[in-house]
Amino acid sequence: MKNRLKVLRAERDWSQADLAQRLDVSRQTINALETGKYDPSLPLAFKIARLFGQPIEAIFQDED
Amino acid sequence: MTAASNAQKLSPRARRALILMAVGAPVGFAAGRVLVWLKRQGYWRDLEFSSSDVVSLGLATFLVAVGLVTMAVSLSRKALGRRINGEEETRAATPAQASFYAGQGGVLVLAAVMLAAPPLAGALFVPLSPLLASAVMTGLITVFLVQTAGNITLWVRSDELMRRTMAETAAVSYGLLQGLLFLWAAAEKLSLLPPLTLWDAVNVNMIGYLLISMIVAWRRGFVD
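Not measured: the values here are computed from a predicted model.

Regarding the environment of Leu5 of chain A
All names here are of chain A.
Here's step 1: Within the fold, Leu5 resides in helix α1 (residues 5–11).
Here's step 2: Linking Leu5 and Phe46, residues 41 residues apart in sequence, is a C-alpha distance of 13 Å.
Here's step 3: Setting aside its immediate chain neighbours within four residues, Leu5 contacts Leu33, Glu34 and Ile59.

Rendered as structure tokens:
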């Protein structure tokens, strides 16, 4: 699954550690999400969507 | 160009490695000299270990080293912050992160104690009396219970990526290692391979688990 996490983070000038702190996850989790090595759980995806004020499908796109 | 300016160009990781080498080499040399002196004076007798015992002691040494380094880093929230947030990050780790990493180091050290105690007890106390063996076993059960509680606490405090990594490691380890165990047992039954002791199986299980956990962690992006 592709996502726009890195772009959204960069727009706000947040580091991976900044975003991790806001989402209450580790910095490694943000890195794994951004590099496509890990797809978030639904609760985390909702949390990310709420934080950026966008619907989930605007942040995460199915690669099919 | 001076040595000082060269040193400043090194990355923090390379500087740390150099410092560790500079400290480790003389400490290792001195420890070796002390052991040779002890042996010459007759204070040290050769301990007899089977190859399986040597493997478990090697594993225990590795685990205790990683565990102690993790615990040591967790003592400095600034150093831990750089470790988990990247070298460029200046913020210190939170107290919760520091205690989490200290806990991780702690369970590794306890795992090392559990792996080292049986072969060491058998080699240090010859013959090993039933009373002493029972005392060692009681201690082992206690350490096992504390370590299990520690592992459960770490699971509860982990975020979802860490839990996924632990769950995948457990699933792959189970599938692979029980398959290998079956194949070895079948070959042993057919007299094609030598018999394994349960302690051998524990060693294989531990080595397999460590390797699988490293591969899963790497695949999941724990290594930048």
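Focus on the UniProt feature "domain: HTH cro/C1-type" (unreviewed entry) in chain A
Here's step 1: Mapped onto the present numbering, the UniProt feature "domain: HTH cro/C1-type" (unreviewed entry) falls on residues 5–59 of chain A.
Here's step 2: As annotated, residues 5–59 of chain A comprises 69% helix and 0% strand, and the C-alpha atoms at either end are separated by 7 Å.

What to know about helix α3 (residues 27–34) of chain A
Here's step 1: Among the eight residues that make up α3 of chain A, seven are buried, leaving the element largely enclosed by the rest of the structure.
Here's step 2: For α3 of chain A, the full list of buried residues reads Arg27, Gln28, Thr29, Ile30, Asn31, Ala32 and Leu33 of chain A.
Here's step 3: Those residues of α3 of chain A that are buried are in contact with β1 (2–3), α1 and α2 (16–23) of chain A together with α4 (77–85) and α7 (160–189) of chain B.
Here's step 4: Gly36 of chain A sits one or two residues past α3 of chain A and shows a positive phi near 75 degrees.

Side note on the interface of chain A and chain B
Here's step 1: Each partner contributes residues to the interface: chain A has 14 residues there, and chain B has 14 residues.
Here's step 2: For the side of chain A that touches chain B, the element with the most residues is α3 of chain A, which contributes five residues.

Structural notes on the nonpolar core
As a rule of thumb, soluble globular proteins bury nonpolar side chains together.
All names here are of chain B.
Here's step 1: With twelve residues, the main nonpolar core is built from Ala60, Leu63, Val107, Leu108, Val109, Leu110, Ala111, Ala112, Val113, Met114, Leu115 and Met206.
Here's step 2: Counting residues per element, the ones that place at least two in this core are α3 (51–75) and α5 (95–124).
Here's step 3: At nine residues, the largest contribution of residues to this core is made by α5.
Here's step 4: When residues no more than four places from it in sequence are discounted, the contact partners of Leu108 are Leu63, Val66, Gly67 and Thr70.

Parameters at a glance
- Residues numbered from 1 in each chain as written.
- Chains lettered and ligands numbered in written order.
- Predicted model: local features only at pLDDT ≥ 70, side-chain atom pairs only at ≥ 80, totals over all residues.
- Helix = DSSP H or I, 4+ residues; strand = E, 2+ residues; numbered from the N terminus.
- Contact = placed C-beta atoms within 7 Å.
- UniProt positions renumbered as here; feature names shortened; annotations may be inferred.
- Buried ≥ 20, exposed ≤ 12 C-beta atoms within 10 Å, placed from the backbone.
- Core = buried A, V, L, I, M, F, W, Y, C linked by C-beta atoms within 7 Å.

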